[in-house]
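Spelled out, the chains give:
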Amino acid sequence: ARYRVERNPPALTELRLPRSLLAGFPVCPKVSAEFAAPQHCLFRWFREQRPAGGGDAAGEAWVEAAAERVFTPPNALVGLRLKLRCTPGDGEQRFGPAREVESSGPVEAGPGACTFDARHLYTKKVCGHGSVRAVSYNILADTYAQTEFSRTVLYPYCAPYALEIDYRQNLLKKELAGYNADLICLQEVDKSVFVDSLAPALDAFGLEGLFRIKEKQHEGLATFYRRDKFSLLSQHDIAFSEALLSEPLHKELCQELAKYPLVQEKVLQRSSVLQVSVLQSTTDPSRKLCVANTHLYWHPKGGNIRLIQIAVATSHIKHVACDLYPNIPVVFCGDFNSTPSSGTYSFISSGGIAEDHEDWVSNGEEEKCSMSLSHPFKLLSACGEPAYTNYVGGFHGCLDYIFIDKNALEVEQVIPLPSHEEVTTHQALPSVSHPSDHIALICDLKWK
């Protein structure tokens, strides 16, 4: 007898559907496989058959609905469950045994118009090879959205179901996929959200993701880049407090800070991190980009702490973009928790800060610290200074920016932010039509 023996056949190790399915929103399965790659797998989606005669005894009859990796259920499927059959495959046309998974609940009606629908009209296609579409977005970590404090004090105006992780992930995946971005820098990303939701979803849309957690919290930063436009050359992530103490680069700043023990202690207690990735263009290898992403300390009186953090950040970026890779352009995204009138913003855009700036005494005289800081970059806020990028019940202001190297890059277009009417339809953010308390910044950049 002759046997056909397959060595290391493609096999699925995990196939999962999200818990919450909304009509009009992409359903991105989580697929993990051995000796196979999601882009070579075969996907077949089925929907339940509606019971004849309107009774509710649904038989196990399934009707094929689509054959694609990401399926967006239409309104006609509201009330019906979905089933996915996936056959693992590799690039050599070998296929392994198929697996099936059924959704835990039916497709539900979506929220109607969302704050990002109008913005998607500007981002229907991926921009050309000479341009880069960048997004910066604080997506509101589940860790903070699901507390009693959030529900009763921070976001009392938001329907409780709209604060739930599965619901918000539906909105977020649709929003991010529709921007067709080349670079996405996210803040407040829960580790589980990155692994189970965002990385698999954005992978299906051609983006590779990198994650850096904050040690004390269960959330961190994520940077995604479009695979067919960029490859990753190197990563240079740091935690500010650790870098200050251990890297010779920050020795002077560390000595200066030691003169102010109260402030030093506060800076070293923070778990803020900086993500730095060096990317290379796949079509023009001479074009490299240093992409930095951060989320600075949040406290309203923490201006002095943020100044120290941003000084560490810019020295570290200088080390990467001037010493390791001489003269590569910088794109620096993040939630800087700093308005345009702050010392941090002024330091980033002017290249220096005076010793007598009022932010050095942001937490009163006893925590005063002052030093003159500088950095060598010529940075410009690509999206300008919007009226606000964060809009909650008790506060609104501009805290998020995409800073670019104005010697090497220029702004081709800025995607308009949602109108004030859209933001306040449900009083403030987050809401049933917007997944975060921040608004994404999006712009198209091109090399000079």
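This is a predicted model, so every value here is computed, not measured. (Residues numbered from 1 in each chain as written. Predicted model: local features only at pLDDT ≥ 70, side-chain atom pairs only at ≥ 80, totals over all residues. Heavy atoms only, no water.)

Novice: Where do I start with the overall build of the protein chain in this structure?
Specialist: A count of helical and extended segments in the protein chain gives 11 helices and 23 strands. A compact globule built from 448 residues should have a C-alpha radius of gyration of about 22 Å, and the protein chain, at 24 Å, falls within 12% of that. Principal-axis analysis of the C-alpha atoms gives the protein chain an extent of 80 × 55 × 40 Å. Taking all 448 residues of the protein chain together, 54% fall into the buried category. Once local pairs closer than 6 in sequence are excluded, the contacts in the protein chain between residues at least 24 apart make up 73%. (Helix = DSSP H or I, 4+ residues; strand = E, 2+ residues; numbered from the N terminus. Rg over C-alpha atoms; globule rule 2.2 N^0.38 Å. Buried < 20%, exposed > 50% of the residue type's maximum accessible area, 1.4 Å probe, protein only. Contact = heavy atoms within 4.5 Å.)

Novice: Where do I start with the domain arrangement of the protein chain in this structure?
Specialist: Size of an interface, as often reported, equals the accessible area lost when the parts are brought together. When cut into domains, the protein chain gives domain 1 (11–102) and domain 2 (115–447). Inter-centroid distance (C-alpha atoms) of domain 1 to domain 2 is 35 Å. With 15 residues of domain 1 at the contact, the number on the domain 2 side is 14 residues. Together, the buried faces of domain 1 and domain 2 total about 1200 Å²; carbon and sulfur atoms form 57% of this surface. Inspection of the domain 1/domain 2 interface yields four salt bridges. When the shortest N-O distance is used, the salt bridge between Arg16 and Asp196 registers 3.4 Å. Considered class by class, the residues forming the side of domain 1 that touches domain 2 number nine nonpolar, two polar and four charged. (Domains from an automatic or database assignment. Buried area = accessible area lost by both parts, 1.4 Å probe. Salt bridge = Lys/Arg side-chain N within 4 Å of Asp/Glu carboxyl O. Nonpolar A, V, L, I, M, F, W, Y, C, P; charged D, E, K, R; others polar.)

Novice: Whenever I open this one, the sheet that holds strand S6 (residues 99–102) confuses me. Can you help?
Specialist: Two orientations exist for strands paired in a sheet by backbone hydrogen bonds: parallel and antiparallel. Pairing within the open sheet is antiparallel, and its four strands lie in the order S4-S3-S5-S6. Either end of the sheet is taken by a strand with one partner, and the two such strands are strand S4 (62–66) and S6. If you compare each strand with its neighbour and ignore which way they point, the axes differ by 30 degrees on average. In the sheet, strand S3 (residues 42–48) pairs with S4 via four bridges, with the strands oriented antiparallel. (Pairing = 2+ DSSP bridges. Axes fitted to C-alpha atoms, helices over the stretch in contact; angles between N-to-C directions.)

Novice: Explain the packing of aromatic side chains to me, please; I cannot follow it from the model alone.
Specialist: Here the distance between the centres and the angle between the planes together describe a pair of aromatic rings. Under the criterion given, the structure shown has 13 aromatic pairs. Summarising the aromatic geometry, the rings of Phe332 and Phe336 are spaced 5.1 Å apart at their centres and angled 75 degrees between planes, so their arrangement reads as edge-to-face. The class of Phe336 is buried, set by a relative accessible area of 1%. The interplanar angle of 80 degrees and the centroid separation of 5.3 Å between the aromatic rings of Phe336 and Phe403 together place this pair among those described as edge-to-face. Of this pair, Phe336 sits in the loop between strand S15 (330–335) and helix H10 (343–350) while Phe403 is found in strand S21 (residues 400–405), placing the two residues 67 residues apart along the sequence. (Phe/Tyr/Trp six-rings, centres within 6.5 Å; stacked < 30°, edge-to-face > 60°.)

Novice: Just to check I follow, could you spell out helix H8 (residues 261–269) for this structure?
Specialist: An α-helix turns once every 3.6 residues. As a result, residues three or four positions apart point the same way. For H8, the complete set of buried residues consists of Val263, Gln264 and Val267. The buried residues of H8 occupy an angular sector of 100 degrees when projected down its axis, which confines them to one face. Buried-residue contacts for H8 involve helix H6 (240–246), helix H7 (251–257) and helix H9 (303–324). (Arc of directions from axis to C-beta.)

Novice: It is not clear to me how the pairing of strand S13 (residues 273–281) should be interpreted in this structure. Could you clarify?
Specialist: Along a regular strand, successive side chains alternate from one face of the sheet to the other. By the criterion of burial, S13 is predominantly enclosed, with nine of the nine residues buried. Of the two faces of S13, the one holding Val273, Gln275, Ser277, Leu279 and Ser281 and the one holding Leu274, Val276, Val278 and Gln280 are both buried throughout. Strand direction decides the pairing type here: strand S11 (residues 230–235) and S13, joined by five bridges, are antiparallel. When the sheet's bridge partners are listed, Gln235 is paired in S13 with Ser277. Pairing geometry for strand S12 (residues 238–239) and S13, over two bridges, is antiparallel. Bridge pairing links Ile238 to Leu274 in S13. Sheet topology places S13 next to strand S14 (residues 288–295); seven bridges connect them, and they run antiparallel. By the bridge assignment for S14, Leu279 is matched with Leu289. Where S13 folds back onto S14 in an antiparallel hairpin, the turn is made up of six residues.

Novice: Looking at this model, I keep getting lost on the state of the cysteines. Mind explaining?
Specialist: By definition, a disulfide links the sulfur atoms of two cysteine residues through a covalent bond. Scanning all chains against the criterion turns up zero disulfides. Cys369 forms no disulfide, and the closest cysteine sulfur to it belongs to Cys254, at a distance of 13 Å. For Cys369, a relative accessible area of 0% translates into the label buried. (Disulfide = S-S within 2.5 Å.)

Novice: How do you make sense of the environment of Glu175 when you look at a structure like this?
Specialist: Take Glu175: it is sitting in helix H4 (residues 165–178). Sequence separation between Glu175 and Pro435 is 260 residues, and the spatial gap between their C-alpha atoms is 9.1 Å. If we ignore the near neighbours within four places in the chain, the residues touching Glu175 are Phe116, His120, Tyr137, Pro435 and Ala440.

Novice: I keep staring at the packing of H4 against helix H5 (residues 191–204) and nothing clicks. Help me out?
Specialist: Pairs of packed helices are described in terms of their axes, by the angle between the two and the distance that separates them. Where H4 contacts H5, the two axes come as close as 10 Å, and the packing angle between them is 30 degrees. Judged by the inter-axis angle, H4 sits roughly parallel to H5. In terms of crossing hand, the pair formed by H4 and H5 is right-handed. Where H4 abuts H5, its residues Ile165, Gln169, Leu172, Lys173 and Leu176 lie against Val193, Ser197, Leu198, Ala201 and Leu202. Of the residues that constitute the contact of H4 with H5, the class distribution is seven nonpolar, two polar and one charged. (Parallel < 35°, antiparallel > 145°, perpendicular 65-115°, else oblique. Left-handed = near helix turned anticlockwise from the far one by under 90°.)

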